[in-house]
Amino acid sequence: MSNENGSSPAIFVDRDGTLIEEVDHLSRVDDLKIFPFTREALEMFKDRGFRVIVLTNQSGIARGYFTEGSMQAIHDKIKSELGTLVDNFYFCPHLPDAGCSCRKPNVGMIESAREDFEIDLAGSWMIGDKRIDVETGQNAGIGTALVLTGYGKADRNRLDSEPTIIADDLLEAAKLILSEN
Ligand SMILES: [Mg+2]
Ligand SMILES: [Zn+2]
């Protein structure tokens, strides 16, 4: 659905608990488990012309739990499994109290993606399993989907304001979003 100036809407999507199983401070490729429905959901978005952009807070880097290189190995593995279904990954390596602009719920990673890709923000969505994912989308003024995988069931009760949609998982989110658009 590229528009006349060549830009496309994006699905900004959280990594842990949304695309892949939640593992606290995932650092080993051996512990990576992509959800069985992830491929189908991303194919649905790509078929409809969305870019798929992963936004992930990885404070385990600043905490010294793992290196940027080990995180990169996980992203490389995800890319090798999902191929061109993911356009790019953006990560925040900082501590929660570092005051950076990239850590969700700040919108710095969305702004970085907009420097790299022509993105039609008006048709874009943020999907994730945590309150901060919903808040990131709300701060960017785009549609928001909370998925009930990962921390979703716990964070559902911690929301200050409701997301646009709540879905059991990424695949249901794709079906709901694509039926709205
Ligand atoms: Mg998550
Ligand atoms: Zn940051």
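Residues numbered from 1 in each chain as written. Chains lettered and ligands numbered in written order. Predicted model: local features only at pLDDT ≥ 70, side-chain atom pairs only at ≥ 80, totals over all residues.

As a rule of thumb, non-glycine residues mostly have phi less than zero, and peptide bonds are mostly trans rather than cis. A cis amide bond, omega 15°, links Lys104 with the succeeding residue Pro105. Positionally, Pro105 belongs in the loop between strand 3 (88-92) and helix 3 (108-116). Unlike most non-glycine residues, His25 shows phi in positive territory, near 50°. When you line up the elements, His25 lands in the loop between strand 1 (10-13) and helix 1 (38-47). (Helix = DSSP H or I, 4+ residues; strand = E, 2+ residues; numbered from the N terminus.)

What follows covers the pairing of strand 3. Direction of pairing for strand 2 (residues 51-57) relative to strand 3: parallel, over a ladder of five bridges. Residue pairing in the sheet places Asn57 in a bridge with Cys92 of strand 3. A crossover connection joins strand 2 to the parallel strand 3 through helix 2 (residues 68-82); in handedness this β-α-β unit is right-handed. (Pairing = 2+ DSSP bridges. Right-handed = clockwise from strand over helix to strand, strands pointing away.)

It helps to recall that an α-helix has 3.6 residues per turn; residues three or four apart then point in one direction. If you check which residues of helix 6 (residues 170-180) are buried, you get Leu170, Ala173, Ala174 and Ile177. The buried residues of helix 6 occupy an angular sector of 100° when the element is viewed end-on, so they sit on one face. Against the buried residues of helix 6 lie helix 1, strand 4 (125-128), strand 5 (143-147) and strand 6 (165-167). (Buried ≥ 20, exposed ≤ 12 C-beta atoms within 10 Å, placed from the backbone. Arc of directions from axis to C-beta. Contact = placed C-beta atoms within 7 Å.)

Moving on to the environment of Ala122. Note on placement: Ala122 falls in the loop between helix 3 and strand 4. Since 11 C-beta atoms lie within 10 Å of it, Ala122 is described here as exposed. In this structure, the C-alpha to C-alpha distance between Ala122 and Ile142, residues 20 residues apart in sequence, is 6.5 Å.

Next up on the list: the environment of Ser27. Note on placement: Ser27 falls in the loop between strand 1 and helix 1. Sequence-distant contacts of Ser27, that is, excluding residues within four places in its chain, are made with Gly60, Tyr65, Phe66 and Ser70.

What follows covers the sheet that holds strand 6. Two orientations exist for strands paired in a sheet by backbone hydrogen bonds: parallel and antiparallel. Spatially, 3-2-1-4-5-6 is the arrangement adopted by the six strands of the open sheet, whose pairing is parallel. The sheet is open, and its two borders are formed by strand 3 and strand 6, each paired with just one other strand. Pairs of neighbouring strands in the sheet enclose a mean axial angle of 20°, with direction left out of account. The pairing of strand 1 with strand 2 spans four bridges and is parallel. For Ala10, the partnering residue across the bridge sits in strand 2 and is Arg51. (Axes fitted to C-alpha atoms, helices over the stretch in contact; angles between N-to-C directions.)

Of the two faces of strand 1, the one holding Ala10 and Phe12 and the one holding Ile11 and Val13 are both buried throughout. The β-α-β motif built from strand 1, the intervening helix 1 and the parallel element strand 2 has right-handed crossover chirality. Bridge count for strand 1 against strand 4 is three bridges, and the pairing is parallel. Paired with Ile11 across the strands is Trp125, a residue of strand 4.

Take it as geometry only, folks, not as evidence of what the structure does.
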